[in-house]
Amino acid sequence: MTIEWRYTTREDLGVLSLAGYLGAEAVDRFTGAIGWALARGTGPVILDLTGLMGWSAGGQIAVAQAARHLAENGRRLELAAIPADGSLVPDATCPPVAVHCDLSAALAAHGAQDAVKQWRTDDWPDPNHPAAPALT
């Protein structure tokens, strides 16, 4: 099983939403999504884990590596809705990662405006946004 992702830009921040399971087989796809977010947005990246069914230790390490990669590029990672089956435990080399109980709280913390632009993988499971452009 892999992940699907959707990246939404808002004024001065981005939201990278994941769905599926973030395990070893999904790490490359997740890393690509982080690269996508870096190339197309500014400000912090809120990693919305609402649709994530779970994550392995390797998936958690990939999230910590993403936080480092974003920090190296002048951006920070924040988490929303951590899966119940684990929490991120970054090592000393990981920059601080803010954790929000859900996406609404994360957006409220930033006073986030409406979405500006959105990209998603082909199989993104979001029936509320069928017109969002798909990526292949």
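Residues numbered from 1 in each chain as written. Predicted model: local features only at pLDDT ≥ 70, side-chain atom pairs only at ≥ 80, totals over all residues. Heavy atoms only, no water.

### Examining the pairing of strand S6 (residues 117-121)
Right, so step 1: Within S6, four of the five residues are buried, leaving the element largely enclosed by the surrounding structure.
Right, so step 2: Relative to S6, strand S1 (residues 3-10) runs antiparallel, the two sharing four bridges. The residue of S6 that forms the bridge with Thr9 is Lys117. (Buried < 20%, exposed > 50% of the residue type's maximum accessible area, 1.4 Å probe, protein only. Helix = DSSP H or I, 4+ residues; strand = E, 2+ residues; numbered from the N terminus. Pairing = 2+ DSSP bridges.)

### Regarding helix H2 (residues 57-72)
Right, so step 1: With 16 residues, H2 extends 23 Å between its outermost C-alpha atoms, agreeing within 8% with the 22 Å of an ideal straight helix rising 1.5 Å per residue.
Right, so step 2: Among all positions in H2, only Gly59, Gln60, Ala62, Val63, Ala64, Ala66, Ala67 and Leu70 are buried.
Right, so step 3: Residues of H2 that are buried make contact with strand S2 (13-22), helix H1 (27-40), strand S3 (45-55) and strand S4 (77-80).
Right, so step 4: For H2, the N-terminal cap is Ser56; the gap from its side-chain oxygen to the backbone nitrogen of Gly58 is 3.2 Å. (Expected span 1.5 Å × (residues − 1). Contact = heavy atoms within 4.5 Å. Polar contact = N/O pair within 3.5 Å; in protein donor to acceptor, adjacent residues only side chain to side chain.)

### Observations concerning the packing of H1 against H2
Right, so step 1: Relative orientation of the contacting elements H1 and H2 amounts to 20 degrees, with a least axis distance of 10 Å. Looking at the two axes, H1 sits roughly parallel to H2. Every pair of crossing elements has a handedness; the one defined by H1 and H2 is right-handed. Counting all contacts with H1, which are made through Val27, Phe30, Ile34 and Leu38, the residues of H2 involved are Gly58, Ala62, Val63, Ala66, His69 and Leu70.
Right, so step 2: Residues of the contact of H1 with H2, tallied by class, amount to eight nonpolar, two polar and no charged. (Axes fitted to C-alpha atoms, helices over the stretch in contact; angles between N-to-C directions. Parallel < 35°, antiparallel > 145°, perpendicular 65-115°, else oblique. Left-handed = near helix turned anticlockwise from the far one by under 90°. Nonpolar A, V, L, I, M, F, W, Y, C, P; charged D, E, K, R; others polar.)

### Focus: the nonpolar core
Right, so step 1: Core analysis: the largest hydrophobic core is formed by 30 residues, its most contacted members being Leu16, Leu18, Leu22, Phe30 and Leu47.
Right, so step 2: Only S1, S2, H1, S3, H2 and S4 provide two or more residues apiece to this core.
Right, so step 3: Examining the composition of this core, we find that seven residues originate from one element, H1, more than from any other.
Right, so step 4: Those residues in contact with Leu22, other than ones at most four positions away along the chain, are Ile3, Phe30, Leu52, Gly54, Trp55, Ser56, Gly59 and Val63.
Right, so step 5: Formed by seven residues, the second largest nonpolar core is a distinct cluster that contains Val15, Ala80, Leu103 and Leu107. (Core = buried A, V, L, I, M, F, W, Y, C linked by side-chain atoms within 4.5 Å.)

Purely geometric numbers; function is a separate question.
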